[in-house]
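Structure assessment
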Number of protein chains: 2
Amino acid sequence: MLLNLSYTEENYIKAIYRLEQDGKPVNTNDLSEQLRTAAASVTDMLKKLKQKKIVHYKAYYGCNLTDNGRKHALMIIRRHRLWEYFLSKKLGFNWDEVHDIAEELEHVGSTSLINKLDAFLGYPRFDPHGDPIPDEQGHIIKLQNKLLSAVPLHTPVEVVQIGDQSANILELLNEKNIRIGTILEIRKRFSYDQSLEIKAGGKQITQISKELSQNILVQEHE
Amino acid sequence: MLLNLSYTEENYIKAIYRLEQDGKPVNTNDLSEQLRTAAASVTDMLKKLKQKKIVHYKAYYGCNLTDNGRKHALMIIRRHRLWEYFLSKKLGFNWDEVHDIAEELEHVGSTSLINKLDAFLGYPRFDPHGDPIPDEQGHIIKLQNKLLSAVPLHTPVEVVQIGDQSANILELLNEKNIRIGTILEIRKRFSYDQSLEIKAGGKQITQISKELSQNILVQEHE
DNA sequence: ATAAAAATTTAGACAAATCTAAAAAAAATA
DNA sequence: TATTTTTTTTAGATTTGTCTAAATTTTTAT
């Protein structure tokens, strides 16, 4: 049912999916930045993906995934997140090491491989960063998480997801002993740079920059 | 220490390693057949691999792996066989389904991935087809197995390895209930086509073609 | 030893994905 | 609205791995 796509095409689809979250069309320039590829190359690829009915594309307007394209995206994400779970839970990698390896493994396309891996792992619903794993049909749990930056003072919240997947952010969070499940509470908010002073895990006090606070997703804690 | 190679280059190295087993130089034509690629393309690639010091190559003569090339080959084989073991033992695939998937997984190059996978699997020494798995240093157990075609009549032997890895042969062996560990005994040998009549697993009588008998490796059974 | 056959390499072309530089369109600004 | 700036596309070139057809070298057979 789904076409066989090249490694490169899959990376474009993933990037479009990521940038598309609000329904608006995705710019060529934003895509070119996301993929670190010249804008001219992106234009070429978008024409190709249009031909394959993976994106809607109009010159000078931008692109969106078709229903079919979105299915592809969800399958790639499913593969990526299942491998991340495997690497972290079975092979003992740290959560800040799994992303790059999963980035390669996700392109191995066999459907039966992924479904058997899913079963082997016990049908996990979230990857080690707290992101939901789409099921075999491409259904994905929608979370109503808040950004830490939007949480009021003195309200205990639980870390449930990290927005950015770079090794850099995960290294920083490790340093501060913040991981999925950690309870946070904001003590002060500095309006000068919108940085925060928080209590992490019930005792440790630490400073959080604006950028970081916009990449930590939390839920209320009882 | 080892260079980063493309998917394609790795496939050439694997094919050369396979054809090189007896130390003699590998012909361009044999390689081109093995890889299902035009001989002219093979010539081009051999020049490139020579530049990268992966093969010794002289025009009209043939090629051999350098010591460095052989190290690469052993690492690719290590990755392939560890994935085959994982697919078969952990995910529950049949042994005739694992080869093609491992063929893709083997190109994911992370060394720490493979070493952690090895540990997770308990450092297995043989893959599901009975082939030895090279260790982290590239050491590989040399087996002195016999081809079934070379075994005398009425001598019980144990299947320890399958030479050819195609799904076709494995399907045929499944049909005949022959797998690693099965005890075989040759009952008759037909000189017309060198086919065999054998007893498999102590009771079942079945016919084996010459081709098949040259791809079943066995050891003496007590 | 010489001619015929087989194997291998060279030459030139092609497809995929990329690039830079220039042109064109859309958006922002005056 | 006219002009400038930004974004996007077109044009033409590059790299990797591939192909076919022709030329060359090696091997085989007469």
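Note that the structure is predicted; figures quoted are calculated from it, not measured. (Residues numbered from 1 in each chain as written. Chains lettered and ligands numbered in written order. Predicted model: local features only at pLDDT ≥ 70, side-chain atom pairs only at ≥ 80, totals over all residues. Heavy atoms only, no water.)

All names here are of chain B. Considering the arrangement of structural elements, one finds N64 in strand β2 (residues 62-65). There is a polar contact of 2.9 Å between the side chain of N64 and the side chain of E20. Discounting residues that sit within four places of it in the chain, N64 has contacts with E20, G23, K24, P25, I54, V55 and H56. (Helix = DSSP H or I, 4+ residues; strand = E, 2+ residues; numbered from the N terminus. Polar contact = N/O pair within 3.5 Å; in protein donor to acceptor, adjacent residues only side chain to side chain. Contact = heavy atoms within 4.5 Å.)

So, about unusual backbone geometry. All names here are of chain B. Its identity as a non-glycine residue notwithstanding, K53 has a phi of 60 degrees, on the positive side. Considering the arrangement of structural elements, one finds K53 in the loop between α3 (39-51) and β1 (55-58). Even without glycine at this site, H154 takes up a positive phi of about 55 degrees. Positionally, H154 belongs in the loop between β3 (146-147) and β4 (157-162).

Okay, helix α3 (residues 39-51) of chain A next. Structurally, the α-helix is built with 3.6 residues per turn, so residues lying three or four positions apart point the same way. Residue and element names in this part refer to chain A. The end-to-end C-alpha separation of α3 is 19 Å, in line with the 18 Å expected for 13 residues at 1.5 Å each. The set of residues buried in α3 consists of V42, M45, L46 and L49. All buried residues of α3 fall inside an arc of 110 degrees around its axis, so they share one side. Along α3, exposed side chains directed more than 90 degrees from the buried face belong to A40 and Q51. Of the surrounding secondary structure, the elements contacted by the buried residues of α3 are α1 (7-19), α2 (28-35), β1 (55-58) and β2 (62-65). (Expected span 1.5 Å × (residues − 1). Buried < 20%, exposed > 50% of the residue type's maximum accessible area, 1.4 Å probe, protein only. Arc of directions from axis to C-beta.)

Right, let's talk about the sheet that holds strand β8 (residues 216-220) of chain B for a bit. One open sheet accounts for six strands, arranged β3-β8-β4-β5-β6-β7 (chain B); its pairing is antiparallel. On the outer flanks of this sheet lie β3 and β7 (204-208) of chain B, each paired with one strand and no other. (Pairing = 2+ DSSP bridges.)

Another point: the domain arrangement of chain A. Residue and element names in this part refer to chain A. Its domain assignment divides chain A into domain 1 (7-65), domain 2 (75-142) and domain 3 (146-220). Here the C-alpha centroids of domain 2 and domain 3 sit 25 Å apart. Contacts between the two partners involve nine residues from domain 2 and, on the opposite side, 12 residues from domain 3. The largest per-residue losses of area from domain 2 upon contact with domain 3 belong to W95, D96 and H129, which jointly make up 65% of the total buried on that side. (Domains from an automatic or database assignment. Buried area = accessible area lost by both parts, 1.4 Å probe.)

Tallied over the entire structure, the rule returns seven aromatic pairs over all chains. Measuring from centroid to centroid gives 5.1 Å for A:F86 and B:F86, while their planes differ by 55 degrees, and the two rings are tilted. Of this pair, A:F86 sits in helix α4 (residues 67-89) while B:F86 sits in helix α4 (residues 67-90), on two different chains. Three or more aromatic residues link up through ring pairs in this structure, and these residues are A:W83, A:F86, A:F120, B:W83, B:F86 and B:F120. (Phe/Tyr/Trp six-rings, centres within 6.5 Å; stacked < 30°, edge-to-face > 60°.)

Take the relation of the copies chain B and chain A next. Superposing chain B onto chain A requires a rotation of 179 degrees together with a translation of 0.0 Å along the rotation axis, leaving an RMSD of 0.2 Å. In symmetry terms, the pair is related by a two-fold rotation axis. Considering only C-alpha atoms, the part of chain B nearest the rotation axis is B:L105, at 3.5 Å. Residue by residue, 100% of the interface of chain B is reproduced at the interface of chain A, so both copies engage with the same surface. (Least-squares fit on C-alpha atoms with pLDDT ≥ 70 in both.)

Residue and element names in this part refer to chain A. Applying the stated criterion to the full structure yields 18 salt bridges over all chains. A salt bridge links E10 to R79, with the shortest nitrogen-to-oxygen separation between them at 2.8 Å. Residue E10 is found in helix α1, and its partner R79 is found in helix α4; the two are separated by 69 residues along the sequence. Neither residue differs from the other here; E10 and R79 are each classed as buried. Look at the salt bridges and you will find they share partners, linking E9, K48 and K52 into a network. (Salt bridge = Lys/Arg side-chain N within 4 Å of Asp/Glu carboxyl O.)

A word on the protein's contact with DNA strand D. Around DNA strand D lies a shell of 20 residues, among which A:N29, A:K47, A:Y57, B:S41 and B:K48 are the nearest. A share of 79% of the atoms of DNA strand D within 4 Å of the protein falls on sugar and phosphate groups. One nitrogen or oxygen atom from the side chain of A:Y57 is found 2.2 Å from a phosphate oxygen belonging to DNA strand D. Interatomic distance of 3.2 Å between a side-chain N/O atom of B:Y12 and a phosphate oxygen of DNA strand D. Those elements that provide at least two residues to the surface near DNA strand D are α2 and α3 of chain A together with α1 (7-19) and α3 of chain B. Partitioned by chemical class, the residues of the surface near DNA strand D number nine nonpolar, eight polar and three charged. (Near = heavy atom within 4 Å. Nonpolar A, V, L, I, M, F, W, Y, C, P; charged D, E, K, R; others polar.)

This part is about the nonpolar core. One finds A:W83, A:L87, A:L113, B:W83, B:L87 and B:L113 to be the most contacted residues of the largest nonpolar core, which totals 34 residues. Contributions of two or more residues to this core are made by α4, α5 (98-105) and α6 (111-121) of chain A together with α4, α5 (98-105) and α6 (111-121) of chain B. If we skip the residues at most four places from it in the chain, B:L87 touches A:L113, B:G92, B:F93, B:V98, B:I101, B:A102 and B:L105. Counting 22 residues, the second-largest nonpolar core is a separate cluster that includes B:Y12, B:I16, B:V42 and B:I76. (Core = buried A, V, L, I, M, F, W, Y, C linked by side-chain atoms within 4.5 Å.)

Lining the immediate surroundings of DNA strand C are 20 residues, of which A:S41, A:K48, B:T43, B:K47 and B:Y57 lie closest. Near the protein, within 4 Å, the atoms of DNA strand C are sugar or phosphate in 80% of cases. One of the side-chain N or O atoms of B:T43 is found 2.7 Å from a phosphate oxygen in DNA strand C. Within the side chain of B:K47, one N or O atom sits 2.5 Å away from a phosphate oxygen of DNA strand C. Taken together, the elements giving at least two residues each to the surface near DNA strand C come down to α1 and α3 of chain A together with α2 (28-35) and α3 of chain B.

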